Amino acid sequence: MQTKRGVPTLISRGFILGIALSLTLVLQPTASGLQTGILTGNLVVAVSGQVEIHRASWHNPNTSSRLSIGEIVQPGDLILIDPDEHVTILCADSSVIQLDSMNQVVRCQNDPAGPLITWRGGSLTNIQRRGDLRRFEQMPYLISPRNTRLLTNTPEIRWSPLADAHCYDVQLLSGGEVRWEQKRITATAVTTPPLEPGYYIVTITPNDSAGNPIDVPNDPIPQRFQILSSDESEAIQDLQNTLTTASAANGMPADVLDYQLVIYYTQQELYTDAIDTLQTLLPFNIYDTEEPAPAQTFPLETLAGSPAPYLHLGELYKAVSLPVETLTSFEVALAVALEHNDEEAIAIARAHLAQLTTVRDDAMAFYRQAIGFYDRVGDDSNSLNLRQRCLTVGSEEECAPRE
């Protein structure tokens, strides 16, 4: 994997970056500057041509990977551009930079005194396998809202259907007491009345045609959400308006503004809002199809044809602990990345799939391939982290990359 043109050897070494390393994002609106380990959320919003990137954290100067819409870049990352190519970056402070000449380093100014979208650096090993995925087929599990904060106080509760169920009873508990319930719901969604701020646990009981409860396994993941106070909601929405207004003033189109909102919602742990918004930007809904391939037919220069949003979707489903949806999202990301030969995205998707699949041979192959990529680019930290995780399920020989 050589670069399409030479890369200067004096490349600054910075934070470990991946499109989908850890999407635990925080907001840093004060003048104190960015904290250690926090990265600015500079978003690639337009790419024309076969542009490549050399990350500041890659120690091998002769390596690069395809750059696509939706990726996050950092100051010090080197963008490799031919004269007829072009890149637009929406910086974390909603300013815009245009790159249209060879070998330009990302230089977002990002005034720390203003509101910034920031990105907390993480690790590809921050993934937990959730056991037998078939367990989720045996119960009506909560789809949304799940392990998330909410701006609305009238959420729509959605769950998966159970083949033998005739209707469902739904309860919301807070502080050990039932705060709201509705029985004999024949659909798989219901909207609540206005709820008070606080945390709520959802219980979903399937019933047979006689109205008797059906005995099913319990969801192994806590099904909880938080209604924010009006003050919290207003503060989040005010800052959201500030960022999107600035982006719109800089000529950003509607889909870019929506994708910026996805990152902002993720940063605020508004995972349901982030997932719902992101799904509107993608060519298929994860619950409407069993085929993860449609996005492969879209050009890499479009958001739908880029692996980045599918990697992001996988991270969001991981954050709300939905293993089937997480697995499917990363499978789609891998298919799209392979279609466009985006080696970094391929490695990231494989690193996640290695820790999600229940097939040991597949896991070992995914580990070897991902480790091989990080070895080649010289990303020692991610290479070491993945090796350590691989060694929990395999031997040194099994984890060693193969030519």
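Structure: above.
Heads up: these notes are all about the structure in this document. (Residues numbered from 1 in each chain as written. Predicted model: local features only at pLDDT ≥ 70, side-chain atom pairs only at ≥ 80, totals over all residues. Heavy atoms only, no water.)

## Digging into the layout of surface pockets
In step 1: In this structure, the second largest pocket occupies an estimated 290 Å³ of space.
In step 2: Lining the second largest pocket are 14 residues, and of these Arg368, Gln369, Gly372, Phe373 and Arg376 sit closest to its centre.
In step 3: For the lining of the second largest pocket, the secondary structure elements donating two or more residues are helix H6 (343-354) and helix H7 (360-377).
In step 4: The dominant element in the lining of the second largest pocket, judged by the number of residues it contributes, is H7, at seven residues.
In step 5: Among the residues making up the lining of the second largest pocket, the classes are represented as five nonpolar, two polar and seven charged. (1 Å grid on protein atoms, 1.4 Å probe; cavity = no way out; pocket = protein on both sides within 12 Å on 5 of 7 lines; lining within 4 Å. Points joined across faces, edges and corners; volume = space filled by probe spheres on them. Helix = DSSP H or I, 4+ residues; strand = E, 2+ residues; numbered from the N terminus. Nonpolar A, V, L, I, M, F, W, Y, C, P; charged D, E, K, R; others polar.)

## Details of the pattern of salt bridges
In step 1: According to the stated counting rule, one finds 12 salt bridges in the structure shown.
In step 2: With its nearest N and O atoms 2.7 Å apart, the salt bridge here joins arginine 55 to glutamate 71. One end of the pair, arginine 55, is in the loop between strand S3 (52-54) and strand S4 (65-66); the other, glutamate 71, is in the loop between S4 and strand S5 (72-73), with 16 residues separating them in the sequence. Here arginine 55 and glutamate 71 have matching classes, each one buried.
In step 3: Across the pair arginine 158 and aspartate 276 runs a salt bridge, and its minimum N-O distance is 3.5 Å. With a gap of 118 residues between them, arginine 158 in strand S13 (residues 156-159) and aspartate 276 in helix H3 (residues 271-281) connect regions that are remote in the sequence.
In step 4: One connected set of salt bridges, linked through shared partners, spans Arg55, Glu71, Asp77 and Glu344. (Salt bridge = Lys/Arg side-chain N within 4 Å of Asp/Glu carboxyl O. Buried < 20%, exposed > 50% of the residue type's maximum accessible area, 1.4 Å probe, protein only.)

## Overview of the packing of helix H4 (residues 308-319) against helix H5 (residues 323-340)
In step 1: One can describe the packing of H4 onto H5 by two numbers: an axis separation of 8 Å at closest approach and a directional angle of 165°. With respect to H5, the element H4 is oriented roughly antiparallel. For H4 against H5, the interelement crossing comes out left-handed. Across from Tyr310, Leu311, Leu313, Gly314, Glu315, Tyr317 and Lys318 in H4, the residues of H5 making contact are Glu325, Thr326, Ser329, Phe330, Val332, Ala333 and Val336. (Axes fitted to C-alpha atoms, helices over the stretch in contact; angles between N-to-C directions. Parallel < 35°, antiparallel > 145°, perpendicular 65-115°, else oblique. Left-handed = near helix turned anticlockwise from the far one by under 90°. Contact = heavy atoms within 4.5 Å.)

## Brief notes about the state of the cysteines
In step 1: A complete count under the given rule lists two disulfides for this structure.
In step 2: Between the sulfur of cysteine 91 and that of cysteine 108 lies a disulfide, 2.0 Å long from S to S. Across the S-S bond of cysteine 91 and cysteine 108 the torsion is about -75°, and the bridge reads as left-handed. A residue pair is termed long-range when its members are at least 10 positions apart, and cysteine 91 in the loop between strand S7 (86-90) and strand S8 (96-99) and cysteine 108 in the loop between strand S9 (104-105) and strand S10 (118-120) qualify at 17 residues. Across the pair, cysteine 108 and cysteine 91 agree in class, each one buried.
In step 3: With its sulfur 2.1 Å from that of its partner, cysteine 390 forms a disulfide with cysteine 399. Disulfide cysteine 390-cysteine 399: the torsion about the S-S bond is -95°, which places it as left-handed.
In step 4: Bonded cysteines in the protein are paired 1-2, 3-4 when counted in the order they occur along the chain. (Disulfide = S-S within 2.5 Å.)

## Notes on a negative patch on the surface
In step 1: Together, Asp231, Glu232, Glu234 and Asp238 make up a region of like negative charge exposed at the surface.
In step 2: Along the polypeptide, aspartate 231 turns up in helix H1 (residues 230-249).
In step 3: The exposure class of aspartate 231 is exposed, given its relative accessible area of 60%. (Patch = residues over 30% accessible without salt bridge, like charges linked within 9 Å, V, L, I, M, F, W, Y side chains within 5 Å. Areas by Shrake-Rupley, 256 points an atom, 1.4 Å probe, with all protein chains shown as cover. Lys, Arg positive; Asp, Glu negative; His and termini not counted. Charge placed at Lys NZ, Arg CZ, Asp CG, Glu CD.)

## Some words on the packing of aromatic side chains
In step 1: Enumeration over the complete set of coordinates arrives at five aromatic pairs.
In step 2: Their ring planes at 65° and their centres at 5.5 Å tell us that tryptophan 159 and tyrosine 168 sit as a pair that is edge-to-face. Here the two residues tryptophan 159 and tyrosine 168 agree in accessibility, since each one is buried.
In step 3: With a centroid separation of 6.4 Å and an interplanar angle of 45°, the aromatic rings of tyrosine 264 and tyrosine 265 are classed as tilted. In this structure, tyrosine 264 and tyrosine 265 share a single accessibility class: buried.
In step 4: Clustering of aromatic rings is evident, with ring pairs tying together Trp58, Phe373 and Tyr374. (Phe/Tyr/Trp six-rings, centres within 6.5 Å; stacked < 30°, edge-to-face > 60°.)

Honestly, that's just the spatial picture; any functional story needs more than this.
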